[in-house]
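# Structural overview
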Amino acid sequence: MSAKALQQCFRVVVENVLNRWTALRLAVEHGMGGPLGLNTAIELIDYVTSYCTENKHVDAIDLREVLEEIMDQEFETICEDDSIQEVSGILIKHLQMLKEGKEEEVRAEIDQMIPCEMWIVSGSKIKYQQKADSSDSEEDANEHEDMEVETASAADESSEVSPSTYGSSTKFIEESIDPGWTQVRGRRRR
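Quick summary incoming for the structure in this document. (Residues numbered from 1 in each chain as written. Predicted model: local features only at pLDDT ≥ 70, side-chain atom pairs only at ≥ 80, totals over all residues. Heavy atoms only, no water.)

## Quick notes on the overall build of the protein
For the protein, the helix and strand inventory stands at 8 helices and 2 strands. Helices and strands in the protein line up, N terminus first, as α-α-α-α-α-α-α-β-α-β. Within the protein, the fraction of its 190 residues that count as buried is 28%. Look at the contacts in the protein between residues 6 or more apart in sequence, and 71% of them connect residues 24 or more apart. Working note: accessible area of the protein is about 13,500 Å², and carbon and sulfur atoms make up 48% of it. (Helix = DSSP H or I, 4+ residues; strand = E, 2+ residues; numbered from the N terminus. Buried < 20%, exposed > 50% of the residue type's maximum accessible area, 1.4 Å probe, protein only. Contact = heavy atoms within 4.5 Å. Areas by Shrake-Rupley, 256 points an atom, 1.4 Å probe, with all protein chains shown as cover.)

## Description of the pattern of salt bridges
Tallied over the entire structure, the rule returns 8 salt bridges. The partner of Arg11 in a salt bridge is Asp46, with the nearest N and O atoms 2.3 Å apart. In this pair, Arg11 sits in helix H1 (residues 3–19) while Asp46 sits in helix H3 (residues 37–54), placing the two residues 35 residues apart along the sequence. The class of Asp46 is partly exposed, set by a relative accessible area of 35%. Measuring nitrogen to oxygen at the nearest pair gives 2.8 Å for the salt bridge that ties Glu29 to Arg25. Placement of the pair is Glu29 and Arg25 together in helix H2 (residues 22–29), with a separation of 4 residues, close to one helical turn. Glu29 sits in the buried class, given a relative accessible area of 13%. When its relative accessible area of 23% is taken as the criterion, Arg25 is described as partly exposed. (Salt bridge = Lys/Arg side-chain N within 4 Å of Asp/Glu carboxyl O.)

## Some details on the side chain of His94
Within the fold, His94 resides in helix H5 (residues 83–99). Those residues in contact with His94 that sit more than four places away from it in its chain are Val13, Val106 and Glu109.

## Let's talk about the packing of aromatic side chains
Evaluation of the coordinates by the stated rule reveals 1 aromatic pair. Both rings, one in Tyr47 and one in Tyr51, keep their centres 6.0 Å apart while their planes meet at 25 degrees; by these two values the pair is stacked. Of this pair, Tyr47 and Tyr51 both sit in helix H3, 4 residues apart, which is roughly one turn of that helix. (Phe/Tyr/Trp six-rings, centres within 6.5 Å; stacked < 30°, edge-to-face > 60°.)

The structure is reproduced here in structure tokens:
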């Protein structure tokens, strides 16, 4: 197989694998790659294709390091789910198969992949997730739900009154929490 044919066949593999990579899609949708995150993802396909086909001895570790660096620098994302290792392993496996002349097997494996939306294409519309803003009206609506309180009855007040809660119409409920765990509750912004 010629170098150009290898590059074309491998690009199809890279496109299919990266379009299924959830971490990359989430990074683009959440704006981690900036307003041109989709363009960066398109360039990532080109770069990975070139990197793998133009270098003689590329293995999964080399590719994993390249992908980690790109995700960190271009998308400000660090993947802690081992997805980079999985993606690089799949790409290198298919690259080796193509180098061994097993083009039909590679195409069969690509065809057996679960269908997905090919979102890394020029002109694709990405639905960006809005970042939370401290001035959202949703926060104002939830402002009164920040603390769990229970109204104290008259009998409870006389037996549980302390100097700091005297005359209060609420009693705080203390919950037991497993040692080693910290429970975090929402707080009211002032």
